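Results of the structural survey
Okay, here's what each chain looks like letter by letter:
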Amino acid sequence: MEIRFTAFVLTAALMLSVELSAGGTFSSRLIHGYSDEAMSFWASKGKSVTCPKRESVEHMRLLLSNDLKRQKLKLGSQKQLLFPSEGSKTHFYGNDLSWLHYAWIDIGTPNASFLVALDAGSDLLWVPCDCVQCAPLSSSYYSMLDKDLNEYSPARSNTSKHLSCSHRLCELGPNCQSPKERCPYTVNYYSENTSSSGFLFEDELHLTSVGGHEHRGSVVAPIVIGCGSKQSGSYLNGAAPDGVMGLGPGEISVPSLLAKSGFVPHSFSLCFDKTNSGTIFFGDQGPENQRLSSFVSLDGNYNTYIVEVQRYCFGGTCLKQSGFQALVDSGSSFTYLPSEIFTKVVTEFEEQINATRLATEDFPYCYKASSRGLPNIPSMKLVLAANQSFVIQNPVFTISSDQGDNFYCVGILPIEGMIGIIGQNLMEGYRMVFDWENMKLGWSHSKCQDIGGSAKVPPTPPPSGLASNPLPTNEQQRSPGGHAVAPAIAGKPSAASLHAVSCRHCAMSSLLLSLVVWLPYLI
């Protein structure tokens, strides 16, 4: 007995009929959405559908209206960008705040402002909250801040509600005594003994939209927040005292939640210019002329921004056996190479530079600047997969001693293992695009213009058809005894989005624009 399926795909303009047999062949017919056959189909389903008379003015006006709607949806989704309501500008405070880049964001109702470190190497957004062990929040502790930092309190936000242990984003849910308990979290970071822990809450992030077919307006997006009551390590010693915005691809991150709520594509950009300021935009998929390299898996999993570096080059000469995989991480101030490759790089650097090395405690390759300034730094680049060149704009940074002497140091350090880290210092001068929707890293030279600005704007509703609180993380996901999905792996895309589908009929999927009704029947 052969089973066949017919798929009816109905759109405003056409209906596609597909027949697929067990033998693997198919046939298709394109049927106009307003044809007699289409009307008969809906009538057989008990649906009353009216259509203007063919070739009448009303008929043509309806077709034109549908075309314009589709064009507007397509163009709007491509061009709309979001950025924090405080402005798209990022901030850099040097050693005062551990060489990280920060952005001011507004959370909750009424909104409170937080200065969060931007970290593409982690997923969770957390802020100091109901503090038991937090960094000082007074501006008097930080020479470059002109106002105190904030502490989040769920009790003071009208839109805050706790995430329960039964929620699929609750990684520690199986350890809870009751599924209705508050979901705890603990995040450990690369820096030694550095962590944040507390409980997860849902609340609102205030953003500004720009582009598309709308004037600039405000957007209120539901997100998950870590109420960080206890921090340790570097988070008590100047790094990210007011929290971290994890920008990784995991399901709990802000870029992921914005995409799943339908606001923007699952992509964002960071730009760090040579004056140490920059920009952040959610939904940015980069300019057409950017260079691109695909993200690759780590131990078989796609759960972070890993790229394949094929060669490390000085000028037109590339070092032998200098390939490695690297995490692209805005939360790392400097760049780290696997030890063996690091040795090759600094050896070549020393041969090409005419200066005397003065090792410091933390940076083994530093040099004293002469009265004529810095010597000529050799040109370097990384060659990524598909022969895409990532030119290193400035691999060194300058520091001053207590005696007033100026030194310059190589901002590249060794790391154990075979996974390196491309940090902020190599991203300088680039618009870095983390496009998880297309599984691509993009980069292009940029002066990091702040196209969004920081003007306060009147509110606008969420995208058409979305609820006012469209957080795609409701209680439906698992039984109390089930296993919660860890945020670090929840963002892994499906196999279909990573590999070309081999079956012949799957090419039709891009045409399935609307309701699909599968009708199995026996012949």
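Residues numbered from 1 in each chain as written. Predicted model: local features only at pLDDT ≥ 70, side-chain atom pairs only at ≥ 80, totals over all residues. Heavy atoms only, no water.

An unreviewed UniProt entry lists the protein under the name Aspartic proteinase-like protein 1, with Nicotiana attenuata as the source organism. Listed under Sequence similarities (unreviewed entry) in UniProt, the entry text for the protein is "Belongs to the peptidase A1 family." Heading Subcellular location (unreviewed entry) of the UniProt record for the protein holds this comment: "Cell membrane". (UniProt positions renumbered as here; feature names shortened; annotations may be inferred.)

Side note on the overall build of the protein
Helices and strands together make up the secondary structure of the protein, namely 7 helices and 30 strands. Counting all 523 residues of the protein, 48% fall into the buried class. Sequence-distant contacts in the protein: of pairs separated by 6 or more residues, those separated by 24 or more amount to 66%. Of the roughly 25900 Å² of accessible surface on the protein, a fraction of 51% belongs to carbon and sulfur atoms. (Helix = DSSP H or I, 4+ residues; strand = E, 2+ residues; numbered from the N terminus. Buried < 20%, exposed > 50% of the residue type's maximum accessible area, 1.4 Å probe, protein only. Contact = heavy atoms within 4.5 Å. Areas by Shrake-Rupley, 256 points an atom, 1.4 Å probe, with all protein chains shown as cover.)

Details of the pattern of salt bridges
A full pass over the atoms with the stated rule returns 5 salt bridges. Across the pair Lys161 and Glu202 runs a salt bridge whose closest N-O atoms are separated by 4.0 Å. One end of the pair, Lys161, is in strand S9 (residues 161–162); the other, Glu202, is in strand S11 (residues 195–210), and 41 residues separate them in sequence. When the shortest N-O distance is used, the salt bridge between Glu350 and Arg357 registers 3.3 Å. Residue classification places Glu350 among the partly exposed residues on the basis of a relative accessible area of 29%. (Salt bridge = Lys/Arg side-chain N within 4 Å of Asp/Glu carboxyl O.)

Re the pairing of strand S28 (residues 430–435)
S28 sits mainly inside the fold: 5 of its 6 residues count as buried. Bridge count for strand S14 (residues 267–272) against S28 is 5 bridges, and the pairing is antiparallel. Along S28, the bridge assignment pairs Phe268 with Phe434. For S28 and strand S29 (residues 440–445), the ladder comprises 6 bridges, and the chain directions are antiparallel. By the bridge assignment for S29, Val433 is matched with Gly442. Between S28 and S29, which follow one another and run antiparallel, lie 4 residues, and Met439 among them has a positive phi close to 55°. (Pairing = 2+ DSSP bridges.)

Considering the nonpolar core
In a soluble, globular protein the nonpolar side chains are often hidden away together inside. Of all hydrophobic cores here, the largest spans 101 residues; its most connected members are Phe282 and Tyr312. Broken down by element, this core gets its largest block of residues, 6 residues, from strand S12 (residues 217–232). Inspection of this core shows a minimum of three residues originating in each of domain 2 (81–282) and domain 3 (291–445). Those residues in contact with Tyr312 that lie beyond four places of it in its chain are Cys318, Leu319, Ser322, Leu337, Val345, Met380, Lys381, Leu382, Ile392 and Ile412. Among the nonpolar cores identified, the runner-up in size contains 6 residues, and Phe363, Cys366, Phe397 and Cys409 belong to it. (Core = buried A, V, L, I, M, F, W, Y, C linked by side-chain atoms within 4.5 Å. Domains from an automatic or database assignment.)

Topic: the pairing of S12
With respect to burial, S12 is a largely interior element, 14 of its 16 residues being buried. Two elements, strand S8 (residues 125–133) and S12, share 4 bridges in a ladder whose sense is parallel. Residue pairing across strands places Trp126 opposite Gly226, the latter belonging to S12.

Some points on the state of the cysteines
This structure, assessed with the given rule, holds 7 disulfides. Note that Cys131 is cross-linked by a disulfide to Cys134, the S-S spacing being 2.2 Å. Its S-S torsion of approximately -95° makes the covalent link between Cys131 and Cys134 left-handed. Each sulfur in the disulfide pair Cys170 and Cys183 lies 2.2 Å from the other. Classification of the bridge connecting Cys170 and Cys183 rests on its S-S torsion, roughly 100°, and on that basis the disulfide is right-handed. Pair noted here: Cys170 is in the loop between S9 and strand S10 (184–188) and Cys183 is in the loop between S9 and S10, with a separation of 13 residues, a long-range link. The same class applies to Cys170 and to Cys183, which are both buried. (Disulfide = S-S within 2.5 Å.)

A look at empty space enclosed by the protein
Applying the stated criterion to the full structure yields 1 cavity of 30 Å³ or more. Space inside the largest cavity adds up to approximately 40 Å³. With 3 residues, helix H4 (residues 339–352) is the single largest residue contributor to the lining of the largest cavity. The residue inventory of the lining of the largest cavity, partitioned by class, reads 7 nonpolar, no polar and no charged. (1 Å grid on protein atoms, 1.4 Å probe; cavity = no way out; pocket = protein on both sides within 12 Å on 5 of 7 lines; lining within 4 Å. Points joined across faces, edges and corners; volume = space filled by probe spheres on them. Nonpolar A, V, L, I, M, F, W, Y, C, P; charged D, E, K, R; others polar.)

A short note on unusual backbone geometry
Pro110 follows Thr109 through a cis peptide bond whose omega is -5°. The backbone of Ser98 shows a phi angle near 60°, a positive value even though the residue is not glycine. Looking at where Ser98 falls in the secondary structure, it is placed in the loop between strand S5 (89–92) and strand S6 (101–107). Ser98 gets classed as partly exposed once you look at its relative accessible area, which sits at 23%. Backbone geometry at Asn193 places phi at a positive 55°, although glycine is not the residue there. Structurally, the position occupied by Asn193 is in the loop between S10 and S11.

A short note on the environment of Cys183
Overall, Cys183 belongs to the buried group, its relative accessible area being 0%. Sequence-distant contacts of Cys183, defined by excluding residues within four places in its chain, comprise Leu163, Ser164, Cys165, Cys170, Gly198, Phe199 and Leu200.

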